[in-house]
Amino acid sequence: MMTADYIEIDGRKYRVEANWNAMVAFLAATGRDTWDGLVSFDHVLPSDLAPLAAACINEGERIDGHECHFSAEDIGALLSVRLVSDFLPIYTRQASPDVPAEEGSKKKD
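Below: a short report on this structure. What you see is a predicted model, and the numbers here were worked out from it, not measured in a lab. (Residues numbered from 1 in each chain as written. Predicted model: local features only at pLDDT ≥ 70, side-chain atom pairs only at ≥ 80, totals over all residues. Heavy atoms only, no water.)

### Observations concerning the environment of A50
Put simply, the test is: Only DSSP runs of H or I reaching four residues or more are called helices, and only runs of E reaching two or more are called strands; each is numbered from the N terminus. When checking whether two residues touch, look at their non-hydrogen atoms; a contact exists if any pair is within 4.5 Å.
Residue position: A50 is located in helix α3 (residues 49–63). C-alpha of A50 to C-alpha of L79: the two residues are 29 residues apart in sequence and 7.5 Å apart in space. A50 has contacts with A72, I75, G76 and L79, leaving out every residue within four places of it along the chain.

And the structure:
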């Protein structure tokens, strides 16, 4: 059974999902909604973090049945080094199924 991943922003936990819906939303938000954009997707740039995190959080919250419409600008205003360090391992694990899951995934309380 797969464990859902969450990050905490301003005292609230948000689910993170790096599934196809999130990838398509990210590519559309960054203007790279092409197969070429997807092929080079393994190279995440610092400028990609806000739209990528927004897409993954919005999708995770949708799956959990919550309305969530973070924009890249909303997330960019909230991102800190701590949040980036929480988000990137979740994204890497979910987007790269060959990467072993870390023990102790953060679960929603």
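Alright, that's what it looks like, and here's the rest.
### Details of the nonpolar core
As a rule of thumb, soluble globular proteins bury nonpolar side chains together. To be explicit about the condition: To define a nonpolar core, start from buried Ala, Val, Leu, Ile, Met, Phe, Trp, Tyr and Cys residues and group those joined through side-chain atoms within 4.5 Å. Note on exposure labels: buried denotes an accessible area under 20% of the residue type's maximum, exposed denotes more than 50%, and partly exposed covers the range between, all computed with a 1.4 Å probe on protein chains only.
Judged by nonpolar contacts, the single largest core of 22 residues is most densely connected at C56 and I57. Elements with a contribution of two residues or more to this core: β1 (5–9), β2 (12–16), α1 (20–29), α3 and α5 (81–95). Excluding residues that lie within four positions of it along the chain, I57 makes contacts with I7, I9, Y14, R15, V16, C68, F70 and I75.

### Topic: the environment of H69
Using the following cut-off: Think of a polar contact as two N or O atoms within 3.5 Å of one another; within protein, one of them needs to be a possible hydrogen donor and the other a possible acceptor, and neighboring residues in sequence only count if both atoms come from side chains.
Relative to the helices and strands, H69 resides in the loop between α3 and α4 (72–78). Residues H69 and A54 lie 15 residues apart in sequence; the distance between their C-alpha atoms is 8.0 Å. Looking at H69, its side chain comes within polar contact range of the side chain of E67, at 2.7 Å.

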